[in-house]
Amino acid sequence: MPVDNEQKEAVEETGSHTTGSSSNGISTQKSNRRANTAMDEDEEQENMSRKRSRNESSSSSSTSASSASSFSVLSTSSASSSGLSTYSATSSVPSTSSSTTRSSTSSKTRKSNSHSKVDVIPSRNLRSAITPIVTTFEFPDAPKEVVFPDGYKLYSHALRKSGYPEPLIIVECLEDDSLRQTVDTSRVQIVNEYECQLPVACNDAREAQKKGLWQSTAKFPGIPDRKNSDNQYKRVHNKKRCWFVQGVFERYDDSSRLSVQYEGFSTIIDQDVQEIKTSAPEAYYMYKIRDAFLRRIERKGSEEEKKNAKKMRLLMDEDVEFEFLDHNSPFWLLQDLTYFHTALQRQHKLGPLIYVALDGVTLPKAFSNESNYNTLQYSPINVFKSITYKRCIEKDENKPFLKLIENKLEELFEPSNCENKEKCVCNRRFNALYFNQSNNLIPDEDGLLNFRHFDSCEKRIVVECSDECGCSSECPRRNLQRGQQIPLIIYHEGRAGFGVRAGAPIKGGQFICEYVGEGYYKDLDCGEEEKAPVDSGEDIAASDKDTSYESDFQTMDQRLIICASKIGNVARFLNHRCDPNVVFIETYSRELEADVLIPRISVYALKDISFGEPLCLCYYDLTDAKSEVGGIKCECGSLNCIEWLPMER
Ligand SMILES: C[S@@+](CC[C@H](N)C(=O)[O-])C[C@H]1O[C@@H](n2cnc3c(N)ncnc32)[C@H](O)[C@@H]1O
């Protein structure tokens with residue numbers, strides 16, 4: 001499989017490697033290893049007073065920024081001297097220099113911040129199940145706690161849990177709905193109306209949301225619109241005295257240091273590369289993926305993309321650009337989407353997301369508050385109305401395996417690639433439910449589907465293992481249960497809007513992610529039983545006619561639709577290509593026989609996909625699709641492009 005050099009570098013630099021041939025396939029990628037830095041209150045006070053005095057002298061160097069916003073220009077350049085380095089684990093001996101010009105900081109800062117010895121107490125390996133074939137990364141064991149010679153403590157990501165007992169599905173119920181009393185709420189979350197929340201672990205952001213002085217002009221569901229600004233450090237109540245790294249950026253002037261953004265703060269500071277690499281491996285890993293991606297764009301993108309990619313990769317250069325100074329700029333808003341959506345994903349043990357836009361077009365229109373668009377509520381799991389949910393659970397599919405095969409013959413057994421071949425019931429389950437209706441796609445021993453003779457018109461389904469099969473969570477027949485492990489990049493593709501790119505090389509037949517959205521029923525015969533979510537609101541807008549976010553089922557339930565227009569996950573950004581490289585596969589999947597069975601949609605790779613390549617679906621059966629001028633001009637650029645997509649503008 002082709003692996004881009006940049007991607008290789010990213011992997012090597014994070015001390016990680018692909019797990020292609022690993023037998024245990026254990027990945028620590030999604031374990032929540034975050035950097036935290038701490039300081040004593042006295043030192044904090046001291047730094048604050050230093051900062052106050054230096055802020056005055058630094059104001060001349062940040063005039064261009066201060067007029068733009070509250071985002072501190074001096075942060076990356078003069079952190080240690082300004083006191084902003086309160087976050088730096090190595091800032092116990094801050095420079096007393098009052099120099100604030102960007103070019104003058106590097107050597108002084110480096111000297112004052114250097115430390116000779118770091119005691120690393122190894123953490124227990126936070127293990128997360130992953131299939132052996134998934135190309136992902138392993139970090140070196142993140143330290144549980146690093147104690148610096150000066151007594152500073154730096155708590156690593158490993159202290160954060162990699163997953164929370166999260167439900168499998170969210171159901172919207174009215175207060176008096178009897179369903180509320182009957183469901184197992186550890187597996188099914190009941191809400192009145194789904195609203196994307198701040199991720200559970202993001203306490204610093206939660207605090208900042210209450211008391212932060214900096215306020216964003218943009219409001220996104222689940223993203224805090226307040227942050228602590230640089231003069232709030234002292235007042236921030238943080239008993240742990242440690243903070244989580246939100247994002248790191250390369251510095252144009254000093255390759256030994258990085259610009260670091262912390263959760264809950266609108267300021268960035270500079271820190272030693274090695275320190276971040278050890279203490280914040282996940283943030284460092286995300287930075288390396290973004291960096292490798294931007295380098296790829298610098299080689300392969302349009303002229304404008306190339307120029308902007310370099311600018312973004314090096315964040316700031318001598319001529320500080322406005323968008324990097326204004327914390328309200330799309331650049332920083334995309335960093336917030338990256339961080340908080342990744343944190344939400346992690347809550348469900350799913351891999352990271354990185355939002356990137358280089359063409360000045362700002363945010364995904366899904367997040368725009370313009371009247372034409374709905375504001376997207378990000379959700380890593382499906383959201384069903386109670387009526388839809390009830391209908392789903394009444395279906396045969398929901399019976400436990402033994403009930404399902406009561407009247408079926410034993411000889412329906414077929415070989416399986418399950419870890420526990422002898423006991424696996426997946427094929428018998430398939431035969432009991434879907435025999436003669438659909439193709440039973442059986443992953444090979446590496447979890448890969450075989451698409452060599454793929455026919456887009458054929459019906460197909462994947463049936464995954466449950467506790468009835470007696471296999472482990474690493475069984476090749478549990479791809480959807482493990483969920484997205486590959487990092488995905490949500491990239492602005494120009495006229496086609498945001499699309500999804502591979503954040504790691506992907507093998508043909510490999511599971512990528514789930515297609516998540518709102519579930520609803522469309523009655524095929526006698527009018528609508530339950531209205532599509534896009535039509536049910538009062539705000540009927542242009543986008544309500546856009547069915548491109550809808551996906552249906554051919555085998556499991558022909559009336560059920562998953563619509564990701566208002567609520568959805570990363571897969572809702574998959575663009576159309578007439579020559580696709582990914583495909584939707586309906587999937588029967590539940591870990592426990594006692595779980596509810598809801599038809600789900602997996603996204604699988606049809607062919608090998610290299611790092612940074614766009615992931616595209618074919619929205620239509622091209623043998624049927626009528627290409628009429630007046631729909632949407634297809635931007636896919638493939639040789640067999642039908643030119644006009646049959647969708648309303
Ligand atoms: C499921 S969404 C994909 C995500 C979308 N690009 C976004 O930014 O939200 C489908 C919409 O993306 C755009 N789109 C997807 N593929 C396209 C293509 N090949 N050419 C032009 N527009 C495309 C169309 O506006 C379409 O309505």
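Residues numbered from 1 in each chain as written. Predicted model: local features only at pLDDT ≥ 70, side-chain atom pairs only at ≥ 80, totals over all residues. Heavy atoms only, no water.

Under an unreviewed UniProt entry, the name given to the protein chain is SET domain-containing protein, and the organism recorded is Caenorhabditis tropicalis. As stated in UniProt under Subcellular location (unreviewed entry), the record for the protein chain gives "Chromosome". (UniProt positions renumbered as here; feature names shortened; annotations may be inferred.)

**Some details on the overall build of the protein chain**
Within the protein chain, the secondary structure is distributed over 17 helices and 28 strands. Of all 649 residues assigned to the protein chain, the portion counted as buried reaches 60%. Within the protein chain, counting contacts between residues at least 6 apart in sequence, those at least 24 apart form 72% of the total. A total accessible area of about 26,500 Å² is found for the protein chain, and carbon and sulfur atoms account for 48% of it. (Helix = DSSP H or I, 4+ residues; strand = E, 2+ residues; numbered from the N terminus. Buried < 20%, exposed > 50% of the residue type's maximum accessible area, 1.4 Å probe, protein only. Contact = heavy atoms within 4.5 Å. Areas by Shrake-Rupley, 256 points an atom, 1.4 Å probe, with all protein chains shown as cover.)

**Quick word on the side chain of Glu 263**
Inspection of the secondary structure assignment puts Glu 263 in the loop between β9 (257-262) and β10 (268-272). A polar contact is formed between the side chain of Glu 263 and the backbone nitrogen of Asp 204, at a distance of 3.2 Å. (Polar contact = N/O pair within 3.5 Å; in protein donor to acceptor, adjacent residues only side chain to side chain.)

**Some remarks on the pairing of strand β18 (residues 511-515)**
Where a strand is regular, its side chains alternate between the two sheet faces. With five of its five residues buried, β18 lies for the most part within the structure. Note that β18 and strand β25 (residues 600-605) share four bridges and pair antiparallel. The residue of β25 that forms the bridge with Tyr 515 is Ile 601. (Pairing = 2+ DSSP bridges.)

**Some words on unusual backbone geometry**
Trans peptide bonds make up the majority, and among non-glycine residues the majority have a negative phi. Backbone geometry at Lys 349 places phi at a positive 60 degrees, although glycine is not the residue there. Its place among the elements puts Lys 349 in the loop between α12 (330-347) and β11 (353-356). Lys 349 sits in the partly exposed class, given a relative accessible area of 43%. The backbone of Glu 643 shows a phi angle near 75 degrees, a positive value even though the residue is not glycine. Residue Glu 643 is classed as partly exposed on the basis of its relative accessible area, which comes to 45%.

**Section: the packing of aromatic side chains**
Within this structure, the stated rule accounts for 13 aromatic pairs. Seen in terms of ring centroids, Phe 511 and Tyr 604 are 5.5 Å apart; in terms of plane orientation they differ by 80 degrees. Their pairing is edge-to-face. Taken together, the positions of Phe 511 in strand β18 and Tyr 604 in strand β25 put the pair 93 residues apart, joining distant regions of the chain. The same class applies to Phe 511 as to Tyr 604, namely buried. Among the aromatic residues, ring-to-ring pairing joins Phe 249, Phe 331 and Trp 332 into one connected group. The positively charged end of Arg 391 is found above the aromatic ring belonging to Tyr 521, 4.5 Å away from the centroid. It is Arg 572 that lies over the ring of Phe 573; its NZ or CZ is 4.9 Å from the centre. (Phe/Tyr/Trp six-rings, centres within 6.5 Å; stacked < 30°, edge-to-face > 60°. Lys NZ or Arg CZ within 6 Å of the ring centre and 35° of its normal.)

**Side note on the environment of Leu 350**
Along the chain, the position of Leu 350 falls in the loop between α12 and β11. Along the chain, Leu 350 and Gln 484 lie 134 residues apart, while their C-alpha atoms are 5.2 Å from each other.

**Comments concerning the pattern of salt bridges**
Should their charged atoms come close, side chains of opposite charge can pair. This structure, assessed with the given rule, holds 22 salt bridges. Note that Glu 493 is salt-bridged to Arg 501, the shortest N-O span being 2.8 Å. Residue Arg 501 is classed as buried on the basis of its relative accessible area, which comes to 9%. Put simply, Lys 607 and Asp 579 hold a salt bridge, and the shortest N to O gap is 3.3 Å. A residue pair is termed long-range when its members are at least 10 positions apart, and Lys 607 in the loop between β25 and β26 (614-617) and Asp 579 in the loop between β23 (575-576) and β24 (582-588) qualify at 28 residues. (Salt bridge = Lys/Arg side-chain N within 4 Å of Asp/Glu carboxyl O.)

**A look at the nonpolar core**
Core analysis: the biggest nonpolar cluster contains 86 residues, and Tyr 389, Leu 488, Ile 512, Tyr 515, Leu 574, Val 603 and Leu 615 have the highest contact counts within it. Examining the composition of this core, we find that seven residues originate from one element, α12, more than from any other. Summarising the domain contributions, this core has at least three residues from each of domain 1 (5-37 + 117-161 + 202-302 + 314-325) and domain 2 (165-199 + 364-649). Residue contacts for Tyr 515: discarding those within four places in its chain leaves Asn 382, Tyr 549, Glu 550, Ser 551, Ile 562, Ala 564, Asn 569, Ala 571, Arg 572, Phe 584, Ile 601 and Val 603. Core analysis: the next-biggest nonpolar cluster, separate from the first, contains 21 residues, Ala 292, Leu 294, Phe 331 and Tyr 491 among them. (Core = buried A, V, L, I, M, F, W, Y, C linked by side-chain atoms within 4.5 Å. Domains from an automatic or database assignment.)

**Digging into the site of the ligand**
In the vicinity of the ligand lie 19 residues, with Ala 496, Phe 498, Tyr 549, Asn 575 and Glu 635 positioned nearest. One of the side-chain nitrogen or oxygen atoms of Arg 572 is found 3.2 Å away from an oxygen atom of the ligand. For the ligand, whose free accessible area comes to 560 Å², the fraction covered by protein is 94%. Across the shell around the ligand, the residue classes tally to eleven nonpolar, four polar and four charged. (Near = heavy atom within 4 Å. Nonpolar A, V, L, I, M, F, W, Y, C, P; charged D, E, K, R; others polar.)

**A word on the sheet that holds strand β14 (residues 439-440)**
Taking strand neighbours across the sheet as the criterion, the five strands line up as β14-β15-β24-β25-β18 in an open arrangement whose pairing is mixed. Looking along the sheet, the strands with just one partner apiece sit at the ends: β14 and β18. Docked against the sheet, helix α15 (residues 426-434) engages β14, β15 (460-463) and β24, running at close to 135 degrees with respect to β15. (Axes fitted to C-alpha atoms, helices over the stretch in contact; angles between N-to-C directions.)

**Some words on helix α10 (residues 303-313)**
All of the buried residues along α10 are Glu 305, Asn 308, Ala 309, Lys 311, Met 312 and Arg 313. The positive-phi residue at the C-terminal boundary of α10 is Leu 315, with phi of around 50 degrees.

**A word on α15**
Helical geometry: 3.6 residues make up each α-helical turn, so side chains three or four residues apart lie on a common side. Judged by how many residues are buried, α15 sits mostly within the fold: nine of nine residues are covered. By the burial criterion, the buried members of α15 are Cys 426, Asn 427, Arg 428, Arg 429, Phe 430, Asn 431, Ala 432, Leu 433 and Tyr 434. Buried residues along α15 sit in contact with α14 (401-404), β14, β15 and β24. A positive phi of about 70 degrees marks Asn 436, the residue just after α15.

**Some words on the sheet that holds strand β20 (residues 550-552)**
Pairing within the open sheet is mixed, and its six strands lie in the order β5-β4-β13-β19-β21-β20. On the outer flanks of this sheet lie β5 (188-191) and β20, each paired with one strand and no other. Taking each pair of neighbouring strands and ignoring which way they run, the sheet shows an average axis angle of 30 degrees. Strand direction decides the pairing type here: strand β4 (residues 169-172) and β5, joined by four bridges, are parallel.

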